[in-house]
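If you want the building blocks of each chain, they are given just below.
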Amino acid sequence: MADVPTIHVDIVSAEGEIFSGPATMVFAPASEGDVGIAPRHAPLLSLLKAGEVRVKTPDGEEQHFFVGGGSLEVQPTRVTVLADTALRARDIDEAAALAAKQRPALGTQEQPERRPRAPCPATRVATALRAQLRSAAHAARSQSRGLGRAR
């Protein structure tokens, strides 16, 4: 079997490194639309919007990450995702599994009453990340206004 070409991927957030390793393909939510990045891709800089980053590893596994925005740098042998916030999808799934486990089981004969559905864990995480980003952006604007007035 021939060696599959790879590209090194780093996904980093303010909390620390989320992923670092080789990939055969990377998919990211760029500001102008989703991009697919293969080894030897042309250099590219882009802002990221909130969404899913997928990394296909050389062993055929696909890793999923949620980013709350940030920037993307692509070089022919390296992809760097600098995320404002980032989570592994499996961490979100674990939270959903724990929440489901804590819900009481419904009997097969009983019909649940109709009520609005609670947002799924991914939606809650995305909402929380957006709130953090708005708060950080507001703080940065406030700080820059304060610095602009100082003489």
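Report on the accompanying structure. The shown structure was predicted, so the numbers you read here are calculated from the model rather than taken from an experiment. (Residues numbered from 1 in each chain as written. Predicted model: local features only at pLDDT ≥ 70, side-chain atom pairs only at ≥ 80, totals over all residues. Heavy atoms only, no water.)

**Points about the side chain of Asp 10**
1) Next: Within the secondary structure, Asp 10 is located in strand β1 (residues 7-13).
2) Next: Ignoring any residue separated from it by four or fewer positions in sequence, one finds Asp 10 in contact with Glu 17, Phe 19, Ser 20, Arg 78, Val 79, Thr 80 and Val 81. (Helix = DSSP H or I, 4+ residues; strand = E, 2+ residues; numbered from the N terminus. Contact = heavy atoms within 4.5 Å.)

**Side note on the nonpolar core**
1) Next: With 20 residues, the main nonpolar core has Val 9, Ile 11, Val 53, Val 55, Leu 72, Val 79 and Val 81 as its most contacted residues.
2) Next: Those elements that provide at least two residues to this core are β1, β2 (16-23), β3 (25-30), β5 (44-56), β6 (62-75) and β7 (78-83).
3) Next: In terms of residues, this core owes the most to one element, β6, which gives four residues.
4) Next: Among residues more than four places away in sequence, those in contact with Val 81 are Asp 10, Ile 11, Val 12, Leu 48, Val 67, Ser 71 and Leu 72. (Core = buried A, V, L, I, M, F, W, Y, C linked by side-chain atoms within 4.5 Å. Buried < 20%, exposed > 50% of the residue type's maximum accessible area, 1.4 Å probe, protein only.)

**With respect to the pairing of β5**
1) Next: Where β3 meets β5, four bridges bridge the pair, whose relative direction is antiparallel. Following the sheet pairing, Ala 30 is matched in β5 by Leu 48.
2) Next: Sheet analysis places β5 next to β6, joined by twelve bridges and oriented antiparallel. Looking across to β6, one finds that Gly 51 is bridged to Val 67. (Pairing = 2+ DSSP bridges.)

**Notes on the environment of Ala 83**
1) Next: Of note, Ala 83 is situated in strand β7.
2) Next: In this structure the C-alpha to C-alpha distance between Ala 83 and Leu 72, which are eleven residues apart in sequence, comes to 8.3 Å.
3) Next: Ala 83 has contacts with Val 12, Ser 13, Ala 14, Val 67, Gly 69 and Gly 70, leaving out every residue within four places of it along the chain.

**Some details on the pattern of salt bridges**
1) Next: Summed over all chains, the structure comprises two salt bridges.
2) Next: Salt-bridge contacts for Arg 78 lead to Asp 10; the nearest nitrogen and oxygen are separated by 2.6 Å. With Arg 78 in strand β7 and Asp 10 in strand β1, this pair connects stretches of sequence that are 68 residues apart.
3) Next: Here Arg 78 falls in the partly exposed class, since its relative accessible area comes to 38%.
4) Next: The class for Asp 10 is buried, based on a relative accessible area of 11%. (Salt bridge = Lys/Arg side-chain N within 4 Å of Asp/Glu carboxyl O.)

**Considering the side chain of Ser 46**
1) Next: Relative to the assigned elements, Ser 46 resides in strand β5.
2) Next: Among all residues touching Ser 46, those that are not within four sequence positions of it are Ala 30, Ser 31, Gly 70, Ser 71 and Leu 72.

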